[in-house]
Amino acid sequence: MSRSISAVCRNITPSATLRLNAIVNEKRAQGLDIIGMGAGEPDFPTPAAICAAAKQAIDTGKTKYTAANGIPELRKAVGAHVNRLYGLTYGPNEVIIGTGAKQVLMEALIAILDPGDEVILPAPCWLSYPEMIRMAGGVPAMVLTTAQQGFLPSMQALSDAITPRTKAILINTPNNPTGAVWGENLLREVAQLAVQHDLFIISDEIYETLVFSGARHVPIATLGDEVFERTITISGWSKAYAMTGWRLGYALGPKDVINAMGAYQSHATGNPNSIAQYAALEALQGPQDSVEDMRLAFERRRDLMLELSSGIPGIACAPPQGAFYVLMNIQGLVGKRYQGQEIRNDEDFTELLLEHKLVSVVSGTPFCAPNCVRLSYAIADDTIREAMRRIAEFVKELT
Ligand code: PLP
């Protein structure tokens, strides 16, 4: 035996977005005027009533271990919330609260995958999915989509990806990084495919409240009993309630899966933060105005981004219908040079833009979107204007 790092950990690619955040913070600490368009979090503060509930939880001693799968009143409140919004019915044993959507997603994969099991993964996709699938012992089976397809997979491509080892399909609507929102017809077809091949569906709906231009979010679990009983829905408070740092998320699904996730969680981390759980209870049960206010602000900023980017030659943005990202295609700039340095790909573009114009964006490659960069518009309108001015200036100075 040697004191070597395990194969699982050796093969993990650390999160590119978190790495970028660290670089941006370092540059800011040096006093540089960096515009960060890389972060995947709302710029708004957590609404005051939610913060007050957390303070009250501290003052009333709600600071001890809770049930490992979350306090019963919060699990019940999540059930009531999705019942009110979508007419779905989940009992308290079909809900688990965890440390962010990220944790419950990881646990869902661990709960259902055996080594070598395959998960169909439409892409571009959130960069954590392939890593998480591999960390759980599975194999991601990517189904690539293009801007021309509206970043929606064809049914042919999805069914071609199915093998005897396929265990699940992982969907994400509204999508990070493309902003695509899957329509009901496509979801019905995907559901049918999953039923036909007896697959689990993991549906990451963390951006569910952020849909624009009249687009509607349809939870796939609402599309019939056979779909409901095989779907694990992932969501949480991070994006809808501007609570990214509180680290709380939930999963809904079949009792046996939720139980297995709970058993794992009970040993891996124990309960999610007790104070955050009481804050989350207030988020679901208190006034919902701030959710709509934030949605409206994001819609306005999306329109601003699209308007300002449309005048920049060599780049193209597919209009997103949800979430708070624009995936910008920079293919038209590949081969050009900035002060003699060639842009060979999205990573070069990202580095040169940060270096020379102090705008941080995320390269598309880790999201399976080569020659694209992801821009988050979860920043103030004036900051968006300044960022797009700098990007336009950067492009103009290319030779
Ligand atoms: N799912 C997607 C698609 C995301 O983009 C993110 C965060 O960026 C998450 C899940 C994680 O959310 P949470 O902060 O609740 O862990």
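Nothing here was measured: the structure is a model prediction, and the numbers come from that model.

Student: Explain the domain arrangement of the protein chain here, please?
Tutor: Interfaces are often described in size by the accessible area the parts lose on coming together. What the domain assignment lists for the protein chain is domain 1 (7-45 + 290-396) and domain 2 (66-285). The C-alpha centroid of domain 2 is placed 26 Å from the C-alpha centroid of domain 1. Contacts between the two partners involve 32 residues from domain 1, matched on the other side by 31 residues from domain 2. Summed over both partners, the interface of domain 1 with domain 2 comes to about 2700 Å²; 64% of that surface belongs to carbon and sulfur atoms. Remark: the boundary between domain 1 and domain 2 carries zero salt bridges. Among the elements of the structure, helix 2 (16-29), helix 12 (289-310) and strand 10 (325-329) are those that each provide at least two residues to the side of domain 1 that touches domain 2. Ranked by residue count, the leading element in the side of domain 1 that touches domain 2 is helix 12, at six residues.

Student: Hey, could you run me through the packing of aromatic side chains in this one?
Tutor: Counted according to the given criterion, the structure contains 10 aromatic pairs. Relative to tyrosine 129, the ring of tryptophan 126 lies with its centre 5.4 Å away and its plane at 90°, an arrangement referred to as edge-to-face. The exposure class assigned to tyrosine 129 is buried, which follows from its relative accessible area of 2%. Judged by centre distance (5.1 Å) and plane angle (40°), the rings of phenylalanine 298 and phenylalanine 324 are tilted. Of the two residues, phenylalanine 298 is situated in helix 12 and phenylalanine 324 in the loop between strand 9 (316-317) and strand 10; the sequence distance between them amounts to 26 residues. Classification of phenylalanine 324 by relative accessible area gives buried; the value is 0%. Aromatic ring contacts, followed pair by pair, group Phe44, Tyr207, Phe298, Phe324 and Tyr325 into a single cluster. Above the face of the tyrosine 278 ring, lysine 62 is positioned so that its terminal group lies 4.8 Å from the ring centre.

Student: Please clarify how the sheet that holds strand 14 (residues 362-363) should be interpreted in this entry.
Tutor: Reading across from one edge, 9-10-15-14 is the order of the four strands in this open sheet, with antiparallel pairing throughout. Lying at the two open borders of the sheet, with one neighbouring strand each, are strand 9 and strand 14.

Student: Help me understand the environment of isoleucine 201 in this model?
Tutor: Checked against the element boundaries, isoleucine 201 lands in strand 6 (residues 200-204). When the C-alpha positions of isoleucine 201 and phenylalanine 44 are compared, they lie 32 Å apart, and in sequence the two are 157 residues distant. Apart from the residues within four sequence positions on either side, isoleucine 201 is in contact with Ile169, Ile171, Ala191, Ala194, Ile220, Val227, Arg230, Thr231 and Ile232.

Student: What am I meant to see in the packing of helix 12 against helix 14 (residues 381-396) here?
Tutor: Angle between the axes and distance between the axes: these two values describe a pair of packed helices. The geometry of helix 12 relative to helix 14 is characterised by a closest axis approach of 10 Å and an angle of 15° between their N-to-C directions. With respect to each other, helix 12 and helix 14 are oriented roughly parallel. In this structure, helix 12 crosses over helix 14, and the sense of that crossing is right-handed. When helix 12 is examined against helix 14, the residues Arg300, Arg301, Leu304, Met305, Leu308 and Ser309 are found in contact with a partner set consisting of Asp381, Ile384, Arg385 and Met388. Among the residues making up the contact of helix 12 with helix 14, the classes are represented as five nonpolar, one polar and four charged.

Calculation criteria
- Residues numbered from 1 in each chain as written.
- Predicted model: local features only at pLDDT ≥ 70, side-chain atom pairs only at ≥ 80, totals over all residues.
- Heavy atoms only, no water.
- Domains from an automatic or database assignment.
- Contact = heavy atoms within 4.5 Å.
- Buried area = accessible area lost by both parts, 1.4 Å probe.
- Salt bridge = Lys/Arg side-chain N within 4 Å of Asp/Glu carboxyl O.
- Helix = DSSP H or I, 4+ residues; strand = E, 2+ residues; numbered from the N terminus.
- Phe/Tyr/Trp six-rings, centres within 6.5 Å; stacked < 30°, edge-to-face > 60°.
- Buried < 20%, exposed > 50% of the residue type's maximum accessible area, 1.4 Å probe, protein only.
- Lys NZ or Arg CZ within 6 Å of the ring centre and 35° of its normal.
- Pairing = 2+ DSSP bridges.
- Axes fitted to C-alpha atoms, helices over the stretch in contact; angles between N-to-C directions.
- Parallel < 35°, antiparallel > 145°, perpendicular 65-115°, else oblique.
- Left-handed = near helix turned anticlockwise from the far one by under 90°.
- Nonpolar A, V, L, I, M, F, W, Y, C, P; charged D, E, K, R; others polar.

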